[in-house]
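# Summary of structural features
Read off the chains here:
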Amino acid sequence: MSTPFRIEHELLNSEMLNGADDAVRAAVSIWLSGVCVTEAEDRAGEIYQTRRSVRVSMTRMARWFAGNWWRLRWEPEERRASPDWQMSHNLAAAGGGYLWPNLTFSCDGETVLAVTKAGDPNSAEPIRYLLDYAGIIPAVDFERVVDEFIATTIDCLPAEARKNTELVDLWAEVARERAEPELYALRKLEAGLGYDPGEAPDTLIATLLKQRSKYGAGAIQEIAAASKDNAIDHLESMANEVRGRGVSARLPACDTIREQHRDQIKPLDAPWRRGEQAARIARGIWGLPSGPIQTSTLADLFGVSLDERPQSELPLSVGLRDDGSDVMSISLHQHYLTGRRFTLARLIGDQVAAPPEERLLPATAARTSRQKFQRAFAREMLCPISDLLDFLGPAPPNDDDIDDAAAHFQVSDRVVAFALVNNGVIQRESMGEWAV
């Protein structure tokens, strides 16, 4: 199996360069799952040549990784990336006049998605990167490779530059923060909110940190990732909403499902795969037959009516549970029945998987591993992939087929499309607007 992520380098002569920023230059190549994403067309000469490495400053690259380490590690992908997000997640922001690859990293908490884009063939730049490619990197591997690259760069610094370069001090500070649990939690929360270290408003950070013991550290991190600067308002509103107008929902055979979930599911599997497996376990324990689940069946199974449209105007849905209980109070904000069915299933999945200290169970639009698990659980619970494939038949599905399947299983067409993508039936590129 190919290494999911590696950075290779060949040192170049840097004696004629001035300043610590360019103290270590190298021909650098970056690899994702055996694919060289720095493969580029060199247009400097009369005859274009293809090469796999690019000549850049390792010092600038290492400083970019070090300066953005917390956001790279703990800030999830944005649906519409802001310029600030791009500066912290796209390697081109390393700057210095070098032609960096258009390579973006985003982390869901467990894995890092790395996406590279090819350069414009009509550009006049002397270097054009050739590949459009996306790779998934386990977060532990991303940390290891970045750590090794920064350490190697520092080791290559001339003695004088090592005393005076920002990189050394910056990396020492990151190492100190990572070693201290309270500092780690603070920086992680700041990154989830979309702030650089030390830049988040003090009141926002202090309030959210205080709420961890009440609602769960994971829940606060999820709210931060979804709501950003509105996190406190949304947290308070959700808590008031679910206490005041929430309805009770129970999880039948709660202990049995959790026990089998712990015993049968591999914690290192992708979140969507774990979610699917957990839903199959639950359906089996509940004795649900093949095919779609009727709304009346959901109401009987979980003891909650889905017929009434919600009064909540919040952008999030939420569950609130007592410690160790198989009952939670829920508030759903979706106005359409298919959305309420799906979100109820998401909260049931979170009730299965979230640790007992997590009292607040938020269902958000954030692209974190926890939300990916929830969505996969709900997809497989309401629209099992085996039943979906039986319904669609052997021919490749088109848009009409997806619409028909969505109506049959009483889910959105997006739910059907992602079930097919995750199980390799259709390619993400063929999803059109769903891929956004």
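Structural data are supplied above this passage.
Predicted, not measured: the structure shown is a model, and the values here were computed from it.

Spatial strand order, S11-S13-S12-S14: 4 strands in an open sheet with antiparallel pairing. For this open sheet the edge positions go to strand S11 (247-250) and strand S14 (360-363), each flanked by a neighbour on one side alone. Across the sheet, the mean angle separating the axes of adjacent strands is 30° when strand polarity is ignored. Bridge count for strand S12 (residues 317-321) against strand S13 (residues 327-331) is 4 bridges, and the pairing is antiparallel. If you follow Val 318 over to S13, its bridge partner there is Ser 331.

Going through the model one piece at a time under the given rule, you end up with 14 aromatic pairs. On the numbers, 5.9 Å between centres and 65° between planes, the contact of Phe 5 with Phe 105 is edge-to-face. One end of the pair, Phe 5, is in strand S1 (residues 5-11); the other, Phe 105, is in strand S7 (residues 102-107), and 100 residues separate them in sequence. Neither Phe 5 nor Phe 105 differs from the other in exposure class; each is buried. Judged by centre distance (6.0 Å) and plane angle (55°), the ring pair of Phe 65 and Phe 105 falls under tilted. One end of the pair, Phe 65, is in helix H1 (residues 58-67); the other, Phe 105, is in strand S7, and 40 residues separate them in sequence. The exposure class of Phe 105 is buried, given its relative accessible area of 1%. A network of ring pairs unites the aromatic residues Phe 5, Trp 64, Phe 65, Phe 105, Phe 142 and Phe 149 as a single cluster. When the ring centre of Trp 31 is taken as origin, the NZ or CZ atom of Arg 6, which lies over that ring, is 4.3 Å away. Here the basic side chain of Arg 73 rests over the ring of Trp 74, its NZ or CZ set 4.0 Å away from the ring centre.

Where like charges cluster on the molecular surface, the negative patch consists of Asp 255, Glu 259, Asp 263 and Asp 326. With respect to the helices and strands, the residue Glu 259 is situated in helix H11 (residues 254-264). Its relative accessible area of 45% is what places Glu 259 among the partly exposed residues.

All right, on to the side chain of Ser 29 then. Relative to the elements of secondary structure, Ser 29 occurs in strand S2 (residues 25-32). In this structure the side chain of Ser 29 is engaged in a polar contact, spanning 3.0 Å, whose partner is the side chain of Trp 31. Here Ser 29 is in contact with Arg 6, Ile 7, Glu 8, Cys 36, Thr 38, Arg 52 and Ser 53, once residues within four sequence places are set aside.

Turning our eyes to something else, we now look at the state of the cysteines. One pass over the full model with this rule turns up 0 disulfides. Take Cys 36: it sits in no disulfide, and the sulfur closest to it among the cysteines is that of Cys 156, at 20 Å.

Glancing now at the environment of Pro 271. Relative to the elements of secondary structure, Pro 271 occurs in helix H12 (residues 271-286). Look at Pro 271 and you get buried, because its relative accessible area is 5%. Sequence separation between Pro 271 and Thr 111 is 160 residues, and the spatial gap between their C-alpha atoms is 9.3 Å. Filtering out sequence-adjacent residues up to four positions away, Pro 271 remains in contact with Asp 108, Glu 110, Ser 369, Lys 372, Phe 373 and Ala 376.

Right, let's talk about the packing of helix H8 (residues 202-215) against helix H10 (residues 231-245) for a bit. Running from N to C, H8 and H10 cross one another at 35°; their axes reach a closest spacing of 10 Å. Contacts from Thr 203, Leu 204, Thr 207, Leu 208, Gln 211, Lys 214 and Tyr 215 of H8 reach H10 at Ala 231, Ile 232, Leu 235, Ala 239 and Arg 243.

The next subject is unusual backbone geometry. At Ser 33, a residue that is not glycine, the phi angle is positive and equals roughly 50°. Counting through the fold element by element, Ser 33 comes out in the loop between S2 and strand S3 (35-36). A relative accessible area of 32% places Ser 33 in the partly exposed class.

Moving on to the pattern of salt bridges. By the definition in use, this model includes 27 salt bridges. Notably, a salt bridge pairs Asp 147 with Arg 178, separated by 2.9 Å at the nearest N-O pair. Of the two residues, Asp 147 is situated in helix H4 (residues 139-156) and Arg 178 in helix H6 (residues 166-179); the sequence distance between them amounts to 31 residues. Taking the shortest distance from any N to any O, the salt bridge between Arg 370 and Asp 350 comes out at 2.9 Å. Placement of Arg 370 in helix H15 (residues 369-382) and of Asp 350 in helix H14 (residues 337-353) is noted, with a sequence separation of 20 residues between them. Salt bridges sharing common partners tie together Arg 71, Glu 75, Asp 84, Asp 196 and Lys 228.

Cut-offs applied
- Every chain begins its residue count from 1, and numbering advances along the sequence as written.
- Local features in a predicted model are, by the rule used here, given only for residues with pLDDT of at least 70; side-chain atom pairs are given and counted only at 80 or more, and totals for whole chains, interfaces and linings are based on all residues.
- Excluding hydrogens and water, the side-chain figures rest on all heavy atoms present in the structure.
- Strands are labelled as partners when DSSP assigns at least two bridges between them.
- Strands here are runs of E lasting at least two residues and helices are runs of H or I lasting at least four, both read from the DSSP assignment and numbered beginning at the N terminus.
- Between N-to-C directions, angles span 0 to 180 degrees; the directions come from axes that are lines fitted to C-alpha atoms, helices contributing only their stretch in contact.
- Ring pairs are drawn from Phe, Tyr and Trp, using the six-membered ring of Trp, whenever the two centres fall within 6.5 Å, and their geometry is named by plane angle: stacked under 30 degrees, edge-to-face over 60, tilted for the rest.
- Residue exposure (1.4 Å probe, protein chains only): buried if accessible area is under 20% of the type maximum, exposed if over 50%, otherwise partly exposed.
- A ring is considered to have a charge above it if a Lys NZ or an Arg CZ atom is located within 6 Å of its centre and within 35 degrees of its normal.
- Like charges within 9 Å and nonpolar side chains (Val, Leu, Ile, Met, Phe, Trp, Tyr) within 5 Å are joined into patches, using only residues over 30% in relative accessible area that form no salt bridge.
- Working definition of accessibility: Shrake-Rupley area with a 1.4 Å probe, residue cover restricted to the visible protein chains.
- Within this document, salt bridges are pairs made up of a side-chain nitrogen of Lys or Arg and a carboxyl oxygen of Asp or Glu, the two lying within 4 Å of each other.
- Residues counted as positive are Lys and Arg, residues counted as negative are Asp and Glu, and His and the chain ends are not counted.
- For charged residues, the charge sits on one atom: NZ in Lys, CZ in Arg, CG in Asp, CD in Glu.
- As used in this structure description, the phrase polar contact means that two N or O atoms lie within 3.5 Å; if the pair is within protein, one of them must be able to donate a hydrogen and the other to accept it, and residues adjacent in sequence are counted only when both atoms belong to side chains.
- The contact rule is simple, with two residues in contact once any of their heavy atoms fall within 4.5 Å.
- The term disulfide is used for any two cysteine sulfur atoms that are within 2.5 Å.

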